[in-house]
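Observations on the three-dimensional arrangement
Next come the chains, spelled out residue by residue.
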Amino acid sequence: MNWRNMVMNPVLDKEFRLRMRSPRSAITILAYVLVMGLFAMGIIYVLTSTGMTSSRVDSGTSRLMFYALSIAQLVLIAFMTPALTAGVISGEREKQTLNMLLTTQQSSSAIILSKLVSSLSFMTLIIVATLPVYSIVFLYGGVSTGQLLLVFLFYLFVMLLLGAIGVCFSTIFKKTIFAVIMTYGAGLVIFLFTGIAYLFAMSIDQANYYSSGAPVRAYSWVGYILGLNPAGALISIFEPSFSESAFFVQRSNLQSSAPIALWQQFLLVYSVVIVIMLWIAIRKIRPVRGRRRSKAGQVVQAASDIRHEDSVELPPQPEELKQMEKIEPKATEREK
Amino acid sequence: MIEIRNLTKMYGSFAALQDVNISIGKGTVFGFVGPNGAGKSTTMSILATLLSPTSGSAKVGGYEVTDYPQEVRKLIGYMPDFFGVYDQFKTTEYLHFYGASYGIPRQEREQLIPQLLELVNLSDKQDVYVDSLSRGMKQRLCLARCLVHDPEVLILDEPASGLDPRARIEMREILKELKLMGKTIIISSHILPELAEMVDEIGVIEHGRMVAQGKVSEIQNRLRVKRVLHIRVLERAEELAGQLRDELHVSQVLCDETGVHVHFGGGDTEQSALLTNILSSGYQVVSFHEAQSNLEDVFLEITKGGGANELA
């Protein structure tokens, strides 16, 4: 098996071809870049015309523009990814093509991962298409290429997170519309709820801390909540000191620092979420899993699963027997 | 080739299938008959590894479907009753995709796909987008799709539903060809009467239970579907009709310009005796023949009984 066959499985090949054949994809990219461009123009206008007394753009202003653009991009990704991924499985189900796909030799994980990768590739294409917008910022300096790269890697991770949730919900829920709503709901929790929870917890924690006169502590636990927020994590990539202020690290003690950088925590926690989501999707896409013969333990596991299912399904049996009795004499009558 | 034992599928307390037993030998064409919602599609979905049964076992080629779905998928070609196509694919690309999904190398597919298109009479449509095909063509394309990996068993759920008579005949011709190729075929269809000549065995399912099963002729006999005899005589037709009403095994006699129509409940021996009787009574018989009762009659007879039971 050569390299191409490893990477390009049939499902992925199909997804790539079909996606680029629909005019909707081109329109999506156009609309996205247009919105990003308008954002950039707006930010430039605000930063150069009002507020600033001097008319020249220094590197500080440029960096500010970069941050603003990056956050705007993050929000756009949060809007786009669920729409792209939450329909991948349920959409096939609604188009009545899923059953035929499931009877092929493609493994469940190949189907799920190909669907995810193809959606994320398209999303990446969109992000890359916005690079010219970023070049406006580069014109003025203040941002390193490394930072830009880090931000793009971070986007990739956020897309993977929302994509995994979208694909999982798409597998679990029969209807696309429901899967989309649930994925947006999950996105809302990740983006908005964590931020609000942080502000809430912070104010309570700080009030308690200062009123009780508790002993000096290295840091406050509330930072962990902000570590769950993509915006918080993104800012901590720009400004490493942001993690320390999020955790309210005591400046007086030079040794003390944030227990973990916000973005590190973000990656760790959500990597686990991604794995769980994809695992559920792969397990749930096919109702019949079969036994894995490679490991003896799993055969036993599968067998006990079946037994377990049997015992769950047992209760209706008495009814079933009654129904059988009802029907049985009639069948014999017919024989006569 | 296919062994179904005590297969039961419950949806909550509703039994979609109850203790279904089916056994289909290699190379047999099995017609699956039953009213809508009787459990045909459920059985076929279980065989196609798309649904897990509540209890019982289903084996394809000796492989239990719940334990070795991957092996079963290699053996079967499944055509669902309702299916969609990827509209933006061309016909050949469509088949390439499924061929690749079954792990067939590209070189092999390049040779195979024209043959498949030839088989289903779509050779002239190979560069056309699937979207623009008619319903009958899509149905045939889907059949070709089932065949890409040369499966031994074909599970065809209503392959001719929604087709016009001409398209149905085309579909039937293709199925005949597949039968000649030695495939084991399970086919559910409401045009089963049309398929009567190619079906070896039928199974009748109703309310999730098998009502009858076996060779078409056996079932006809077992259910004692009444024969209808058409008798034409030169004269005295009315008189003959009157006389026949008193005969054994005769339940109903109609008389019109075309002759006397007798609903006859006896077997071949009784039928022969009846003819002897008529001749010995001095009637000048022009023709004496049995109207072929077909699968449709069998189906109606069986389901009529079921319906009556349901009402009782």
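Scroll up a little and you will see the structure.
Figured I'd write up the structure that's included with this text. Worth saying up front: this structure is predicted, and the values here are computed from it rather than measured. (Residues numbered from 1 in each chain as written. Chains lettered and ligands numbered in written order. Predicted model: local features only at pLDDT ≥ 70, side-chain atom pairs only at ≥ 80, totals over all residues.)

Right, let's get into the sheet that holds strand β5 (residues 63-64) of chain B. Residue and element names in this part refer to chain B. Taken in spatial order, the 4 strands make up an open sheet running β2-β1-β4-β5, and their pairing is antiparallel. Sheet topology places β2 (14-24) and β5 at the edges, where each strand pairs with a single neighbour. Here strand β4 (residues 55-60) pairs with β5 via 2 bridges, running antiparallel. Looking at the pairing, valine 60 lines up with tyrosine 63 of β5. (Pairing = 2+ DSSP bridges. Helix = DSSP H or I, 4+ residues; strand = E, 2+ residues; numbered from the N terminus.)

All names here are of chain A. Direction vectors running N to C along helix α4 (residues 59-85) and helix α10 (residues 176-212) enclose 150°, while the axes themselves pass 9 Å from each other. It follows that α4 is roughly antiparallel to α10 by the angle criterion. Two packed elements cross with a definite hand, and for α4 against α10 that hand is right-handed. In this structure, α4 uses Ala78, Pro82 and Ala83 to contact α10, whose residues at the interface are Val180, Thr183, Tyr184, Gly187 and Phe191. Here the residues of the contact of α4 with α10 are counted per class, giving 6 nonpolar, 2 polar and no charged. (Axes fitted to C-alpha atoms, helices over the stretch in contact; angles between N-to-C directions. Parallel < 35°, antiparallel > 145°, perpendicular 65-115°, else oblique. Left-handed = near helix turned anticlockwise from the far one by under 90°. Contact = placed C-beta atoms within 7 Å. Nonpolar A, V, L, I, M, F, W, Y, C, P; charged D, E, K, R; others polar.)

A separate point is the packing of helix α3 (residues 91-101) of chain B against helix α4 (residues 106-119) of chain B. Helix-helix packing is characterised by the crossing angle of the two axes and by the distance between the axes. Residue and element names in this part refer to chain B. Running from amino to carboxyl end, α3 crosses α4 at an angle of 120°, the nearest separation of the two axes being 10 Å. Relative to α4, α3 is oriented oblique. For α3 against α4, the interelement crossing comes out right-handed. Contacts between α3 and α4 involve Thr91, Thr92, Leu95, His96 and Gly99 from the first element and Arg109, Leu112, Ile113, Leu116 and Leu117 from the second. Considering only residue class, the contact of α3 with α4 consists of 5 nonpolar, 4 polar and 1 charged.

Next up on the list: the interface of chain B and chain A. The extent of an interface is frequently quoted as the accessible surface area lost upon association of the parts. Taken together, the contacts link 36 residues of chain B with 29 residues of chain A. Looking at the side of chain B that touches chain A, the elements that each hand over two or more residues are β2, α2 (69-75), α3 and α11 (295-311) of chain B. Among the residues making up the side of chain B that touches chain A, the classes are represented as 18 nonpolar, 14 polar and 4 charged.

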